[in-house]
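# Coordinate inspection notes
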Amino acid sequence: MAKKRSKKFQKKIGQVPGTVIYTGEKSTRDLFIEVFNYDKDNYIEKNFSNVDECFDFRQSNTVTWINLNGLNHVSQIEKIGEHFSIHPLVLEDIVNISQRPKIDIYDDYLFVVVKMLYYDTNEKIISEQVSLVLGENYVLSFQEAEGDVFDSLRDRIRNAQGRIRTQQADYLLYALMDAVVDHYFNIIEILSDKIEDFETDIFSGNVHEHFNKDIQDLKREILRVRRAIFPIREVISRIEKHESPLINKKTIAYYRDIYDHLIQVAENIDIYREMIWSLMDMYMTSISNKMNEVMKVLTIMASIFIPLTFIAGIYGMNFDYIPELRYKYAYFILWGVLIVIFVALLWFFKRKKWL
Amino acid sequence: MAKKRSKKFQKKIGQVPGTVIYTGEKSTRDLFIEVFNYDKDNYIEKNFSNVDECFDFRQSNTVTWINLNGLNHVSQIEKIGEHFSIHPLVLEDIVNISQRPKIDIYDDYLFVVVKMLYYDTNEKIISEQVSLVLGENYVLSFQEAEGDVFDSLRDRIRNAQGRIRTQQADYLLYALMDAVVDHYFNIIEILSDKIEDFETDIFSGNVHEHFNKDIQDLKREILRVRRAIFPIREVISRIEKHESPLINKKTIAYYRDIYDHLIQVAENIDIYREMIWSLMDMYMTSISNKMNEVMKVLTIMASIFIPLTFIAGIYGMNFDYIPELRYKYAYFILWGVLIVIFVALLWFFKRKKWL
Amino acid sequence: MAKKRSKKFQKKIGQVPGTVIYTGEKSTRDLFIEVFNYDKDNYIEKNFSNVDECFDFRQSNTVTWINLNGLNHVSQIEKIGEHFSIHPLVLEDIVNISQRPKIDIYDDYLFVVVKMLYYDTNEKIISEQVSLVLGENYVLSFQEAEGDVFDSLRDRIRNAQGRIRTQQADYLLYALMDAVVDHYFNIIEILSDKIEDFETDIFSGNVHEHFNKDIQDLKREILRVRRAIFPIREVISRIEKHESPLINKKTIAYYRDIYDHLIQVAENIDIYREMIWSLMDMYMTSISNKMNEVMKVLTIMASIFIPLTFIAGIYGMNFDYIPELRYKYAYFILWGVLIVIFVALLWFFKRKKWL
Amino acid sequence: MAKKRSKKFQKKIGQVPGTVIYTGEKSTRDLFIEVFNYDKDNYIEKNFSNVDECFDFRQSNTVTWINLNGLNHVSQIEKIGEHFSIHPLVLEDIVNISQRPKIDIYDDYLFVVVKMLYYDTNEKIISEQVSLVLGENYVLSFQEAEGDVFDSLRDRIRNAQGRIRTQQADYLLYALMDAVVDHYFNIIEILSDKIEDFETDIFSGNVHEHFNKDIQDLKREILRVRRAIFPIREVISRIEKHESPLINKKTIAYYRDIYDHLIQVAENIDIYREMIWSLMDMYMTSISNKMNEVMKVLTIMASIFIPLTFIAGIYGMNFDYIPELRYKYAYFILWGVLIVIFVALLWFFKRKKWL
Amino acid sequence: MAKKRSKKFQKKIGQVPGTVIYTGEKSTRDLFIEVFNYDKDNYIEKNFSNVDECFDFRQSNTVTWINLNGLNHVSQIEKIGEHFSIHPLVLEDIVNISQRPKIDIYDDYLFVVVKMLYYDTNEKIISEQVSLVLGENYVLSFQEAEGDVFDSLRDRIRNAQGRIRTQQADYLLYALMDAVVDHYFNIIEILSDKIEDFETDIFSGNVHEHFNKDIQDLKREILRVRRAIFPIREVISRIEKHESPLINKKTIAYYRDIYDHLIQVAENIDIYREMIWSLMDMYMTSISNKMNEVMKVLTIMASIFIPLTFIAGIYGMNFDYIPELRYKYAYFILWGVLIVIFVALLWFFKRKKWL
């Protein structure tokens, strides 16, 4: 059991608060740092494998996006933290991948944690933590590994598509969060399909052995997605309300747009949740219905043939004196009686709508 | 599966925010624009198929209602947006038909999204998005397709019936929303009928094969209606509270009236929801009751005839020495015994109220 | 279906807002108007059948109560509305009998809608709408038909009993609402009795055929009462808070008293609701218990006699050589064996506590 | 039915508001008045049977506690009310024993209603209303009958134990409420024991006939306790917040202490409630489990002996030509076959874990 | 029963408020007092068995942590209380081990109660109360017995590890609470494992006899953990908001970190709770599924052999004239018929998917 446990909550008990310890799976992944530096007219894109090299890019009149992949490189992250004077607790949260989505508002920067959700090839939900730090004219993003949902954003920066190049760092933060939230629609579509598949299975009576387990797994999946998505609503509404000087008033309309999407996603998830409960009920009902059917077959068969067998038993008795036995047409008359009883019982069950 | 999904959430992932992309079904429907321009004494009504033509009608001393049908004509909508200086995010929301009912309050205009609900000929609920923009002296309305719930409103403008011609644009917005909300009563009446039909079916034992599925469909329908209607309450209460200069204080009483209707609709929907859950329980109970009845028949038949058959079996044995067999009246006595047992068991079941 | 629907929500779709249309059942009931005009020392009571006659009674230094029965006389109501300068939306609400309890606070008057609940002779709940308008020194009350819960109040005015004659119009409004709310205790008592009857039925196993339907009806009844009563709490708390100049500070203690009663009623209703759900569970359990009992009888009968029948069957076989058959006491020994098996099985079921 | 009802809600319909009418059971109990008058150094304790005599004790520099037993002596209570200028609605509430716990804050005094709960000798919960009025330097308490939870408080006053004698009237009010709330722990302990007893019964399968009814009774008991206890939390928090001049700031810490106890009691009650629901589920499950067991016995017995009986039936047939019948060892071979089938079926059920 | 009760709520009824009475199990455990006194550069650690000796350590420029084990030494605790001028109600709460987690904010100190949770060797949850008092430059902690979760904190003080030695007493309070909360992750991991074990058991059909009881125990365990953990959220948020002068603004970020952990724990607990309910449903469903299987076996066996037995019974009759009996191949033909019926019924059940 001890071994099983060790994976879930990696916060080391008794660890000094503010210690920056990576809680994900140990890996030898290389550090990969992307830097985008742009303003309306120019943009530079560089890749590094060492944080020191990227510090030059921070200038006051351009927007700098430093995207770091590989949370296992703790010392490098501490170096960044020092350079941008980020609170040790923030660094601890960045590398603690079981962090809950949240926002911490410091004087000089905002710290936002969100969860990137996607289905892997086995149709299992993968949740990857993305930490975002918004400063005066820069955004830092931290991801566990390469591969993310930001490709279209990169293109928009490269091609000066949309508003991105004309806006400040607060818009860049919005664009990153928007990309994450947009992907949630993907998730809820797959969830919706899964629920529909369950429904179809139940209604077609085509319920396989692991149905109970699968439905429980789906319920847990929905709970996990819920947990990843719901707290972000509060993140956004604190951005809207707090009016940190780092967020321009004009950008807030965009954040409100994310908020609308989140509400839409959240509503869907709650509906799915209710539908899962309802599916359980349906399943229970369908089991009972089946049992009813089984019982009816049994009842009909037994109720028809047990009395008939009784009658046959009567005339199998060896009493010396049973007058009917001597009568020549008795056997045929008996058959008549049996058939009458048979038909009468059939009619009885028919009237009860059991047939 | 991929194909199935593509219909539900058409927000393109990775799309530049503020891009105006129609998310409904592609269609070749023509653009159809209606313009009403009126004040107390005069009114003009014109139809166009091109937005440029309708811009002349906007004057400061009359109320102008521009009703646009055909959200697939994205470029025309963008032209309108430009002319009335509407924020790109608003235009994106107008053509994104999976938008949630909401209000966005800008300095120069209000943007309201509501859902027009009606049953189609197959008794399926159709939800059509209506976007409304209230400006200084105009209201823009955007609908997916022709055909709506505003005919009586048009007549009132034409005939100067009621207050409409003597009021400002804020009253026109109210009148449009009121027409939408009034139709919800239609919906809840049909829902109420459907629930009553289910009840009657359950209580009369007349439950067809797809009952489970139908009840699940109804539940989903109620959830959908709920989702379309509930957020509008917040829309109205923000109109009441915010006191945007575009809404006159005197008109607020009218909005409060819509609010009352919405509360009434919402209450009904919540009652229906509870009744559906309760119907499920009733259904479950009725299944169990039926099984009980089936079991009783089986038990009565088996419990009566199995012992009798046993007795008949005894006297069918071929032992050389069974004294009863030789006795002349044994057979008739046996019949007496069998009948006594039969009657006793019947009486037993009668006393247990199983008969 | 269309016909069935037409009764429930009479708000005409597309109707001009503020149109005063009676939504109750059409009737030819006569208009009946009562007027009470009183101060500390004097009181006048008059009955009319025409509103014009009652306008003289409004004076600044006495309290006037105009009680109008017969909402079908729409034009008369409009005349009153005009005389007291009441907003058209208020008049529309007065005659729309599916109105939800609410309060609208206007500058010159308060408009309150409450529901008068009572059981008719068939033990069905009747809900009658009472609209109340409190002005400077008058109260208007509007009822669908004659017959109400205000008789004791009338007596108190006539006999100068209690404080009523020494108080202002705000106290009269209180007294009217108090009379309505007092009657709710009646309702919840009957509900309580009905629930107890159900319980007794379930526990005594005396469950008739329509049990399922009756319990569903009761649930719906409770939901309806809830809907009539719960919103009034908000009405009162808005009266308490808003401190409209029409309500004297000293009278608020009395309104708080109504509030306490409403909370008490509301608590009871919620308890009844929970108990109904719990009754459903009990009922389900009792069905299962019964099935258990049925199954036990079947199992005992079948398990005892099927093996015995088998043994009898063995010795009914016609093999040429079955040594036991020839033995003289075989038959009696067999009976011994059968009885031993019989007793052993009985003992087995006894030990399992099935007997 | 009418008779049954008359006990529950004694508020007379149509009664003049502020009329002081005792709603408890009519009784001829004598009035019993206790007066404690104390300060740091002295204390006087007197008993009376008439309120007039106790008015002298009210002095400005000592604390006076007047404890009145016997709410049926309405006129005496009215006399007290007059003497201390208490609002008629308060007096009405004092003698209306179906009052909900609440606080009314008047300018000169606080009015608090709480419920004293205890189990009678039949283990039924008795709820007795205690009304408390806190004035400048006095506390009035009103109880239905003699016998209460205040004995230890009396001792503390007599013996100058604890802080009581050095404190003002607001501390006395606290001490009274504290005594009442302390007794709730008694109640929840008994409830806890009852639930445990139910659990033990279910798990030991030792479920008597009235189980369903008893569990329903317990549920109702919990609902009643809940209703008596929960509103007091609001009473306390209003005392804490309102900062009526009658409550010294230093005493508030004590009230907060009651609040903590109430939260603890309330939490327990909610847990019990959830556990009761869960017990119902357990019970349902245990019924199903039992039915399963019954069914297994039936299935095993029937499935084993029905095929065997069939085989015996075959060789009981009277065909002229059945070759096996003539074979000498056929009978013994048949027994072998029967035993093989018997063992095979046993093994089959064993493998299915039904045995 | 009386004996059973005496353990749960030890608050003595009628006890003088502010009386310091230990409510845990009586024990003869010795008092054990640890004192840590440190600043940036120095630290002293001493152990005592008498409170008097530890008072010298309180100085204004160092942080003092006095950790007292052994709540049964009430008089010693009162002595401490006197020395640090702590309110008697606080002392009462310290030794009342059924206290709910809470914070009381006094002018000179904060009083915090939390629950230390851990599993004992029998996998039962032990909850130990830890009371913390934060004063100007000291923290007092009170524990029932030796053995706690603070060892790593002690090491950090000794080795000047992390920030602890450079911070004030408010950070020490944080560090203590953090250590307690960190241990909760342990608890929820074990809970999570237990739930998974239940699931595995249900899905593998490997449900032992006490399943019902075990699941109920787990539910109760979760309720208890919930009750211990949830109120701490309010404690923290009051620390954050209240901005008592004892908490430095810079330390609040650390408290917020605890808050995040608590939310995470709380979310998990709520998910576990929902999953337990869902497990109950699964269990119920699995019982029904099993019964279905049992019924199918019975139905198949009975439905096949009862008709066959009937046929055999027919030809066991002793009528003088049954023509078939005389036909030479009749017996073999009959076997053919029996086999045909047997196969047909098998095919019938196969088609119904019961086989």
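What counts and what doesn't
- Residues numbered from 1 in each chain as written.
- Chains lettered and ligands numbered in written order.
- Predicted model: local features only at pLDDT ≥ 70, side-chain atom pairs only at ≥ 80, totals over all residues.
- Heavy atoms only, no water.
- Phe/Tyr/Trp six-rings, centres within 6.5 Å; stacked < 30°, edge-to-face > 60°.
- Helix = DSSP H or I, 4+ residues; strand = E, 2+ residues; numbered from the N terminus.
- Buried < 20%, exposed > 50% of the residue type's maximum accessible area, 1.4 Å probe, protein only.
- Lys NZ or Arg CZ within 6 Å of the ring centre and 35° of its normal.
- Least-squares fit on C-alpha atoms with pLDDT ≥ 70 in both.
- Contact = heavy atoms within 4.5 Å.
- Expected span 1.5 Å × (residues − 1).
- Core = buried A, V, L, I, M, F, W, Y, C linked by side-chain atoms within 4.5 Å.
- Polar contact = N/O pair within 3.5 Å; in protein donor to acceptor, adjacent residues only side chain to side chain.
- Salt bridge = Lys/Arg side-chain N within 4 Å of Asp/Glu carboxyl O.
- Nonpolar A, V, L, I, M, F, W, Y, C, P; charged D, E, K, R; others polar.
- UniProt positions renumbered as here; feature names shortened; annotations may be inferred.
- Buried area = accessible area lost by both parts, 1.4 Å probe.
- Pairing = 2+ DSSP bridges.
- Domains from an automatic or database assignment.

## Details of the packing of aromatic side chains
Applying the stated criterion across every chain yields a total of 104 aromatic pairs over all chains. A centroid spacing of 5.2 Å and a plane angle of 50 degrees characterise the contact between D:Y174 and D:Y254, whose relative ring orientation is tilted. A residue pair is termed long-range when its members are at least 10 positions apart, and D:Y174 in helix 5 (residues 169–203) and D:Y254 in helix 7 (residues 252–314) qualify at 80 residues. A relative accessible area of 0% means that D:Y174 is categorised as buried. The class for D:Y254 is buried, based on a relative accessible area of 5%. Between the NZ or CZ atom of A:R226 and the centre of the ring of A:F230, over which it lies, the distance is 4.4 Å. A cation sits over an aromatic face here: D:K219 above D:W277, 3.9 Å from the ring centre.

## What about the relation of the copies chain D and chain E?
Structural alignment of chain D on chain E gives an RMSD of 0.1 Å, achieved by rotating through 72 degrees and translating 0.0 Å along the axis. A rotation of that kind, with that shift, is consistent with a five-fold axis. Minimal C-alpha distance to the rotation axis in chain D is attained by D:G316, lying at 4.6 Å. The share of interface residues of chain D whose copies in chain E are also at the interface is only 18%, consistent with the copies meeting through different surfaces.

## Here we look at helix 7 (residues 252–314) of chain E
Between its first and last C-alpha atoms helix 7 of chain E spans 92 Å; for 63 residues at 1.5 Å apiece the expected length is 93 Å, and the two agree. Burial of helix 7 of chain E is extensive: 53 of the 63 residues sit out of reach of the surface.

## Overview of the arrangement of the chains
Separated without contact, chain A and chain C have their nearest C-alpha atoms at a distance of 9 Å. The two partners chain A and chain D share no contact, and the minimum distance between any of their C-alpha atoms is 9 Å.

## Quick look at helix 5 of chain D
Residue and element names in this part refer to chain D. Between its first and last C-alpha atoms helix 5 spans 52 Å; for 35 residues at 1.5 Å apiece the expected length is 51 Å, and the two agree. Buried residues dominate helix 5, accounting for 30 of its 35 residues. Remark: G205 follows helix 5 within two positions and exhibits a positive phi of approximately 70 degrees.

## Here we look at the nonpolar core
Ranked by size, the top nonpolar core spans 526 residues in total, and within it A:M177, B:M177, C:M177, D:M177 and E:M177 carry the most contacts. Leaving out residues up to four positions away in the same chain, C:M177 has contacts with C:V112, C:V114, C:L132, C:I232, C:V235, C:I236, C:Y255 and C:I258. Core analysis: the second largest hydrophobic core is formed by 140 residues, A:M291, B:L308, C:L325 and E:L338 among them.

## Some details on the side chain of A:D93
Looking at the secondary structure, you find A:D93 in helix 3 (residues 88–95). Residue A:D93 is classed as buried on the basis of its relative accessible area of 3%. A polar side-chain atom of A:D93 sits 2.7 Å from a polar atom in the side chain of A:K102. If we ignore the near neighbours within four places in the chain, the residues touching A:D93 are A:Q99, A:K102, A:D104, A:F111, A:Q129 and E:D257.

## What to know about the interface of chain D and chain E
The extent of an interface is frequently quoted as the accessible surface area lost upon association of the parts. Listed per partner, the contact involves 74 residues of chain D and 66 residues of chain E. A salt bridge links E:R273 to D:E274; the shortest N-O distance between them is 2.5 Å. Remark: the boundary between chain D and chain E carries 20 residue pairs in polar contact (both at pLDDT 80 or more). If you list the elements that add at least two residues to the side of chain D that touches chain E, you get helix 4 (151–158), helix 5, helix 7, helix 8 (323–326) and helix 9 (330–351) of chain D. At 38 residues, helix 7 of chain D tops the list of elements feeding residues into the side of chain D that touches chain E. Each residue belonging to the side of chain D that touches chain E can be placed in one class, and the counts come to 34 nonpolar, 21 polar and 19 charged.

## Looking at unusual backbone geometry
Residue and element names in this part refer to chain B. Even without being a glycine, S85 presents a positive backbone phi close to 45 degrees. Relative to the assigned elements, S85 resides in the loop between helix 2 (74–83) and helix 3 (88–95). Judged by its relative accessible area of 56%, S85 falls in the exposed class.

## Re the UniProt feature "transmembrane region" (unreviewed entry) in chain A
Residue and element names in this part refer to chain A. Taking the UniProt record as the reference, the feature "transmembrane region" (unreviewed entry) is found at residues 297–317 and 329–349. Span residues 297–317 is 86% helix and 0% strand, its end C-alpha atoms 30 Å apart. Across residues 329–349, helical content stands at 95% and strand content at 0%; the span's end C-alpha atoms are separated by 31 Å.

## Focus on the interface of chain B and chain A
In this assembly, 66 residues from chain B lie in contact with 74 residues from chain A. Roughly 6400 Å² of surface becomes buried between chain B and chain A when both sides are summed, with 62% attributable to carbon and sulfur atoms. At the junction of chain B with chain A, the criterion picks out seven salt bridges. Residues A:E199 and B:R220 are paired through a salt bridge, measuring 2.1 Å at the closest nitrogen-oxygen approach. Broken down by secondary-structure element, the contributors of at least two residues to the side of chain B that touches chain A are helix 1 (2–5), helix 3, strand 4 (102–105), helix 6 (211–242), helix 7 (252–314), helix 8 (323–326) and helix 9 (330–351) of chain B. Among the elements that take part in the side of chain B that touches chain A, helix 7 of chain B stands out by supplying 20 residues, more than any other.

## Some thoughts on the pairing of strand 7 (residues 138–143) of chain E
Strand residues, when the strand is regular, have side chains that alternate between the two faces of the sheet. Residue and element names in this part refer to chain E. The element strand 7 is extensively covered by neighbouring structure, given that six of its six residues are classed as buried. Residues Y138, L140 and F142 point to one face of strand 7 and V139, S141 and Q143 to the other, with burial holding for every one of them. The pairing of strand 3 (residues 63–69) with strand 7 spans six bridges and is classified as parallel. Bridge assignment links N69 to a residue of strand 7, and that residue is Q143.

## Description of the domain arrangement of chain A
Residues and elements named next belong to chain A. Looking at the assigned domains, one finds that chain A contains domain 1 (15–286) and domain 2 (287–351). A separation of 72 Å is found between the C-alpha centroids of domain 1 and domain 2. The interface is formed by five residues belonging to domain 1 together with four residues belonging to domain 2. When the area that domain 1 buries against domain 2 is broken down by residue, the three leading residues are M284, T285 and S286, summing to 71%. Our enumeration of links across domain 1 and domain 2 arrives at zero salt bridges. Remark: the boundary between domain 1 and domain 2 carries nine residue pairs in polar contact (both at pLDDT 80 or more). Residue composition of the side of domain 1 that touches domain 2, grouped by class: two nonpolar, three polar and no charged.

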